[in-house]
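This is what each chain is made of:
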Amino acid sequence: MRARAGAAGAIAAALLLTGCGGGGAAADADFTADPTGAMTGWGFENTDDVGQARLDHAASQLEGVEIELDQTAFDAQKFTTLAASGNMPDVVQIDRQFVATYAAQGLIMPLDECFAAHEVDAQQRWYPQVVQDVTWQDQVWAVPQFYQPPLILTNTRVMEEAGVSADDLDPSDPEALIAAAEAMTVSEGGSISRVGFDPQGVSKAAMWMLSFGGGIVDESGAPTLDREENVAAAEFLIELYDAQGGFAEVTGLVESFDIFGDGNPYVTDGVGAAVFDQWYVNVLTPYAEQVEIGAVPITNQEGQPFTATGGSSFVIPAGAENPSAACAWALALTDPEAWQAAAEARAETTEAEPERLGINTGLFTGSPESDMQIRDEFASAEGFPGFEEAIEAYYAVAAEGASLGGSPAGQQIQGELENAMQSALLGERSAQEALTAAQEAAQRAYDQVAGG
């Protein structure tokens, strides 16, 4: 919680440095100018094979530009300091949940003219829900990348043992899902030794609220944490955890899992099913001969497949000295050729690492055209039907995603939501009481930043 509070505090400090309303600095930006000169970027830490292939491609498209990257992680406090000093880089990689906050305060430029200058239709290049993540007051403020849709990753070995089918893991039938979770849970000596179903009830709370027809913000970005549908989702999660021994018991066991290693819960049968983003299938590939996985989409309450968006993006700060190069570079990093190069690099890595057993889980780029091309050409799990099922399920559900929505108080709203869910799931407050208190605190934060 301290890290989130620090990030929120840094954002709040940044808001004191600027007036409300964004886009003024963009009036001086000429995105049609040929990209030349020096360009600086920040937020590109831990570049892997996929990232390096895209960086190489973008550099080849901007041969007249000298690119200098600060390959450290984005930090809200550092962003605040740079904004105050007027020494901002030309492009910054940030989580999409920050975009509306910085857009509302004029710290970044709207990019509609950037897209127009390069004849890019944002709604065509990216999934509409991904574009919605970075839209604020009818303007697009970032170049999005990646989209890791969550769904229910199943352990078919545990499910068969417990007599549970994939049809039982249907959020549109909450009672059946709770019963299935209880059936798969194992208790020994008063403590659970197997989690039936881990819904990630705190970190994925906003997704569950969307599934129940709610949402954490309205179209203006104002918080709506205490909506009736949100309370229903929270009450469902409380019942789900209670059926498995309680939130504290489940969380204690989940936190003990060696999630990235040999003791992961699909090898050890420590879980019957869990909500995971797509990247986790790639983590499991070295263990394909030891696990039996499958996949079930999360649904809304009408039974339709559903997921939630999330990912990172590139923004151009209002103080950027070379916005034309920043615009061209960010678009080059996310064009189909860049993703093709990245997919080829990942295929080479897969072939060079025999422990991955030839399984290529594909890439989830945020762009439907690139996703489908990569799936058709590279995604493969021959001989491992469970992995084939999971790969296909993630690709299929990507088109059904919904944006969590943007808000100038997005970080504060998310923080209040997570605090409320912790309190409700631990039984300290009812779902209604916890979300009402969270709504009041989030509304105060929203009023402070949205009102200037």
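The preceding data block contains the structure.
Presented here is an overview of the structure given in this document. For every chain, the first residue of its written sequence is number 1, and the numbers climb from 1 along that sequence. The predicted nature of this model means local features are confined to residues of pLDDT at least 70 and side-chain atom pairs, given and counted, to a pLDDT of 80 or more, with totals for whole chains, interfaces and linings taken over all residues. Each side-chain value is worked out from all heavy atoms of the structure, with water and hydrogens disregarded.

1. Considering the overall build of the protein chain
In DSSP terms, a helix is any run of H or I states spanning at least four residues, a strand is any run of E spanning at least two, and both are numbered starting from the N terminus. Scanning the protein chain from terminus to terminus reveals 19 helices and 15 strands. Over its C-alpha atoms the protein chain spans a radius of gyration of 22 Å, differing by no more than 12% from the 22 Å that the globule rule assigns to 452 residues. Principal axes of the C-alpha set define a box for the protein chain whose edges measure 65 × 55 × 35 Å. Relative accessibility decides the category of a residue: with a 1.4 Å probe and only protein chains considered, values under 20% of the type maximum give buried, values over 50% give exposed, and everything between is partly exposed. Counting the 452 residues in the protein chain, one finds 55% classified as buried. Across the protein chain, every contact between residues at least 6 apart in sequence was considered, and the portion connecting residues at least 24 apart equals 80%. The quantity called the radius of gyration is restricted to C-alpha atoms. Its globule counterpart is 2.2 Å times the number of residues to the power 0.38. We call two residues in contact whenever any of their non-hydrogen atoms come within 4.5 Å of each other.

2. Focus on the packing of aromatic side chains
Between 30 and 60 degrees the pair is tilted, below 30 it is stacked and above 60 it is edge-to-face, where a pair is any two Phe, Tyr or Trp rings, Trp via its six-membered ring, whose centres lie within 6.5 Å. Following the criterion strictly, the structure yields 24 aromatic pairs and no others. Pairing Phe 44 with Trp 329 gives two aromatic rings, centres 5.3 Å apart and planes at 70°, and the pair type is edge-to-face. Placement of the pair is Phe 44 in the loop between β1 (37-42) and α2 (49-61) and Trp 329 in helix α14 (residues 323-333), with a sequence separation of 285 residues. For the pair shown, Phe 44 and Trp 329 are each scored as buried. Between the aromatic rings of Phe 74 and Phe 79, the centroid separation amounts to 5.7 Å while the plane-to-plane angle is 55°, which identifies the pairing as tilted. Accessibility assignment for this pair places Phe 74 and Phe 79 in one class, buried. Linked through ring pairs, Trp 42, Phe 74, Phe 79, Phe 98 and Tyr 102 together constitute an aromatic cluster. Positioned above the aromatic ring of Trp 339 is the side chain of Arg 54, whose terminal nitrogen or guanidinium carbon lies 4.0 Å from the ring centre. Cation over ring: Arg 125 sits above Trp 126, and NZ or CZ is 5.7 Å from the ring centre. In our convention, an over-ring charge means Lys NZ or Arg CZ found within 6 Å of a ring centre and within 35 degrees of that ring's normal.

3. Brief notes about the sheet that holds strand β15 (residues 401-402)
What the three strands build is an open sheet, ordered β12-β13-β15; its pairing is mixed. Edge positions in the open sheet fall to β12 (298-299) and β15, since each of these has one partner strand only. In this scheme, strands are said to pair when DSSP sees at least two bridges between them.

4. Considerations on the packing of helix α9 (residues 174-184) against helix α11 (residues 228-242)
Note on definitions: angles span 0 to 180 degrees between N-to-C directions of axes, and those axes are lines fitted to C-alpha atoms, for helices only across the stretch in contact. At a closest axis distance of 9 Å, the pairing of α9 and α11 adopts a crossing angle of 25°. Between α9 and α11, the angle is such that the two are roughly parallel. Here the hand of the crossing between α9 and α11 comes out right-handed. Along the contact surface, α9 presents Pro 174, Leu 177, Ile 178 and Ala 181, while α11 presents Phe 236, Glu 239 and Leu 240. Residue classes follow a fixed rule: Ala, Val, Leu, Ile, Met, Phe, Trp, Tyr, Cys and Pro count as nonpolar, while Asp, Glu, Lys and Arg count as charged, and any other residue, Gly among them, counts as polar. Tallied by class, the residues present in the contact of α9 with α11 amount to six nonpolar, no polar and one charged. If an angle is under 35 degrees, it is roughly parallel; if it is over 145, roughly antiparallel; if it lies from 65 to 115, roughly perpendicular; otherwise it is oblique. Two helices that cross are described as forming a left-handed crossing if the nearer one is turned anticlockwise from the farther one by less than a right angle, and a right-handed crossing if clockwise.

5. Some thoughts on the side chain of Asp 90
Relative to the helices and strands, Asp 90 resides in the loop between α3 (76-85) and β3 (91-95). Only four residue types enter the charge count: Lys and Arg as positive, Asp and Glu as negative, with His and the chain ends excluded. Every case where a carboxyl oxygen of Asp or Glu lies within 4 Å of a side-chain nitrogen of Lys or Arg is listed as a salt bridge. The charged side chain of Asp 90 is buried without a salt bridge, its nearest counter-charge being Lys 78 at 14 Å. Any N or O atom pair separated by 3.5 Å or less is treated as a polar contact, with the protein-specific requirement of one donor-capable and one acceptor-capable atom, and with residues adjacent in sequence counted only for side-chain atom pairs. Here the side chain of Asp 90 touches Glu 321 through a polar contact of 2.8 Å, landing on its backbone nitrogen. Ignoring any residue separated from it by four or fewer positions in sequence, one finds Asp 90 in contact with Ala 38, Met 39, Thr 40, Val 315, Ile 316, Pro 317, Ala 320, Glu 321, Asn 322 and Ala 326.

6. Digging into the state of the cysteines
To count as a disulfide, a pair of cysteine sulfur atoms needs to be within 2.5 Å. Applying the stated rule across the entire model yields one disulfide. Between the sulfur of Cys 114 and that of Cys 327 lies a disulfide, 2.1 Å long from S to S. Between Cys 114 and Cys 327, the S-S torsion sits near 90°, and that sign places the bridge as right-handed. Placement of the pair is Cys 114 in helix α5 (residues 112-117) and Cys 327 in helix α14, with a sequence separation of 213 residues. Comparing Cys 114 with Cys 327, the two get one shared label, buried.

7. Focus: α11
Helix span is expected to be 1.5 Å times the residue number reduced by one. Under the 1.5 Å per step criterion, the end-to-end length of α11 is 21 Å for 15 residues, consistent within 8% with the ideal 21 Å. Among all positions of α11, only Asn 230, Val 231, Ala 233, Ala 234, Phe 236, Leu 237, Ile 238, Leu 240 and Tyr 241 are buried. Considering only its buried residues, α11 is in contact with α9, β9 (191-198), α10 (205-211), α12 (247-256), α18 (410-425) and α19 (431-450).

8. Describing unusual backbone geometry
Even without being a glycine, Glu 119 presents a positive backbone phi close to 55°. If you trace the backbone, Glu 119 turns up in the loop between α5 and α6 (122-125). Its relative accessible area of 74% is what places Glu 119 among the exposed residues. The phi dihedral of Phe 146 falls on the positive side, at around 65°, and the residue is not glycine.

9. Quick word on the pattern of salt bridges
Oppositely charged side chains are able to pair whenever their charged atoms sit close together. Taken as a whole and assessed by the stated rule, the structure comprises twelve salt bridges. Taking the shortest distance from any N to any O, the salt bridge between Asp 133 and Arg 96 comes out at 3.1 Å. Note that Asp 133 is positioned in helix α7 (residues 128-133) and Arg 96 in the loop between β3 and α4 (99-104), a separation of 37 residues in sequence. Comparing Asp 133 with Arg 96 shows no difference in burial state: the two are buried. Between Arg 356 and Glu 353 there is a salt bridge whose closest N-O contact spans 2.9 Å.

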